[in-house]
Amino acid sequence: MPGQNPKPPPAVHAPQLWRCLVEGCRRADPELARQLEREPDIFSLLSWNSFFYSESEDIGPDLPWIDLVLERSAPDPRDIRDARSWNKRFLRLLYGIADRMPRLVDLIPDPHMKNTLQQANRYFENHNRLAEQARALLIDAVSAAWRDQVPICVIGHSLGSVIAFDALWELDHIEHSRAQVDLFLTFGSPLGSNFVRKRLLGAAYRHERRFPGNIRSWVNLPAVGDHISLDKDFEEYFAEMLDVGETREILQPAGPLYNLYRDENGLNPHRSYGYLCHREVGAAIQSWWRRGERQKD
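Read on for an overview of the structure. This one's a predicted model, so the numbers in the text were calculated from it and none came from an experiment.

What counts, and at which threshold
Counting from 1, residues in each chain are numbered in the order their sequence is written. At least 70 in pLDDT is required for a residue's local features to be given in this predicted model, at least 80 for side-chain atom pairs to be given and counted, and no such filter applies to totals for whole chains, interfaces and linings, which use all residues. The side-chain quantities take in all heavy atoms of the structure and omit both hydrogens and water. What counts as a helix is a DSSP run of H or I of at least four residues, what counts as a strand is a run of E of at least two, and both are numbered from the N terminus. Each radius of gyration reported is based on C-alpha atoms, and the globular scaling rule is 2.2 Å times the count of residues to the power 0.38. Each residue is assigned to one of three classes by its accessible area relative to the maximum for its type, calculated with a 1.4 Å probe on protein chains only: buried under 20%, partly exposed between the two thresholds, exposed over 50%. Any pair of residues with heavy atoms lying within 4.5 Å of one another is described as a contacting pair. Reported accessibility uses the Shrake-Rupley method at a 1.4 Å probe radius. Residues are deemed covered only where the shown protein chains occlude them. By convention, a stacked pair of Phe, Tyr or Trp rings (six-membered ring in the case of Trp) has centres within 6.5 Å and planes under 30 degrees apart, an edge-to-face pair has planes over 60 apart, and any other such pair is tilted. DSSP calls a pair of strands paired once it identifies at least 2 bridges connecting them. For every element, the axis is a line fit to its C-alpha atoms; helices are fit only across the contacting stretch, and the angle between N-to-C directions ranges from 0 to 180 degrees. We define a salt bridge as a side-chain nitrogen of Lys or Arg found within 4 Å of a carboxyl oxygen belonging to Asp or Glu.

With respect to the overall build of the protein chain
Looking only at helices and strands, the protein chain has 14 helices and six strands in total. Computed over its C-alpha atoms, the radius of gyration of the protein chain comes to 18 Å, within 12% of the 19 Å expected for a compact globule of 297 residues. Dimensions of the protein chain, computed from C-alpha atoms along their principal axes, come out at roughly 50 × 45 × 40 Å. For the protein chain, the residues scored as buried account for 54% of the 297 residues in total. Considering only residue pairs separated by 6 or more positions, the protein chain has 81% of its internal contacts joining residues 24 or more positions apart. For the protein chain, the exposed surface amounts to about 14300 Å²; the carbon and sulfur share of it is 49%.

A look at the packing of aromatic side chains
Enumeration according to the criterion identifies 20 aromatic pairs in this entry. Ring centres of Phe 165 and Trp 218 lie 5.6 Å apart, and the angle between their planes is 40°; on these two criteria the pair is classed as tilted. Here Phe 165 is found in helix α9 (residues 159-173), whereas its partner Trp 218 is found in strand β3 (residues 217-221), with 53 residues between them in sequence. Summarising the burial analysis for this pair, Phe 165 and Trp 218 share the class buried. Ring plane angle 65° and centroid distance 4.9 Å describe the contact between Trp 218 and Phe 238, whose orientation is recorded as edge-to-face. Taken as a pair, Trp 218 in strand β3 and Phe 238 in helix α11 (residues 234-238) lie far apart in primary sequence, 20 residues in all. Look at Phe 238 and you get buried, because its relative accessible area is 0%. Taken together, the aromatic side chains of Phe 165, Phe 184, Phe 211, Trp 218, Phe 234, Tyr 237 and Phe 238 make up a single cluster linked through ring pairs.

A few points about the side chain of His 13
If you trace the backbone, His 13 turns up in helix α1 (residues 10-28). Of the residues examined, His 13 reaches a relative accessible area of 3% and is grouped as buried. Excluding residues within four positions of it along the chain, His 13 makes contact with Pro 2, Lys 7, Pro 8, Leu 45, Ile 59 and Tyr 273.

Overview of the sheet that holds strand β4 (residues 249-251)
Pairing is parallel across the open sheet formed by four strands, whose spatial order is β1-β2-β3-β4. Strands at the two margins of the open sheet, each flanked by one partner only, are β1 (153-157) and β4. Each adjacent strand pair in this sheet contributes to an overall mean axis angle of 10°, direction not counted. Of the strand pairs in this sheet, β1 and strand β2 (residues 183-187) are connected by five bridges, and their pairing is parallel. Across the sheet, residue Val 154 finds its bridge partner in β2, namely Phe 184.

A word on the environment of Phe 184
Looking at where Phe 184 falls in the secondary structure, it is placed in strand β2. For the pair Phe 184 and Arg 216, spaced 32 residues apart in the sequence, the C-alpha separation amounts to 7.8 Å. Not counting chain neighbours up to four residues away, the residues in contact with Phe 184 comprise Val 154, Ser 161, Ala 164, Phe 165, Leu 168, Leu 191, Ile 215, Ser 217, Trp 218 and Val 219.

A short note on the pattern of salt bridges
In total, this model carries 16 salt bridges according to the counting rule given. The shortest N-O distance in the salt bridge between Asp 67 and Arg 19 comes to 2.6 Å. In this pair, Asp 67 is assigned in helix α4 (residues 63-71) and Arg 19 in helix α1, connecting sequence segments 48 residues apart. With a shortest N-O distance of 2.8 Å, Glu 132 and Arg 129 are connected by a salt bridge.

Coordinates in, geometry out; function isn't part of it.
Shown next as structure tokens:
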């Protein structure tokens, strides 16, 4: 489930996302990557952006930068310096302030950050029931996969991770489905932010009603310098999921994770392409895939 803003048409967007995901798996398990290359149909892009924004983006300008990030597997000193730059830390500070005091959003000087918060709010306000339509994409996909008795991995980037989390809550507590997600993989996610957590579908409830009870394993990957993925108190806030539902583990990277995506504007540690081709993503997919193979045996 992709993040906010208009995206390229699914027919051209999905192959590039899949290409990056396979590369991430190659870095963790080359044999798994070869298996995935033979089974591209297992990947589905739930393109909520196409009706949420009623416009699309040209993928052409991104292609050379996607090629570049696929060639790089480890950060160099410039990447580390840029990810930890004063500018990135200042943006994170501003985002943290706006997260605690949303009324200050209009005073934020950075237009991208302001847009992020405004688009999240647009989702939560459910204009023209577009949020419901977005969630329905995932509800239908997970339900179909469960009926077909195949292992399920849900991947959510940025606002897409929020939509996915709400959709899984709805599937559990409103649809009362027995479907289970083996792996919920999120990156660049604002689910750790105060602004988002207060507005999730289950926020008004307590204990088992508060969270989706259908996630078996959750891996969340925040990159250094990605100000959207506020992860302060993340594991503490969601820890109750380990007691009240089917969730066995909530994992985050043990050390710093660097998203190496660059374009003409420099390092962009929030882009999904850079996350998907990271070895940590591949390792999470590997664990899920191999666990499914063992269960078959």
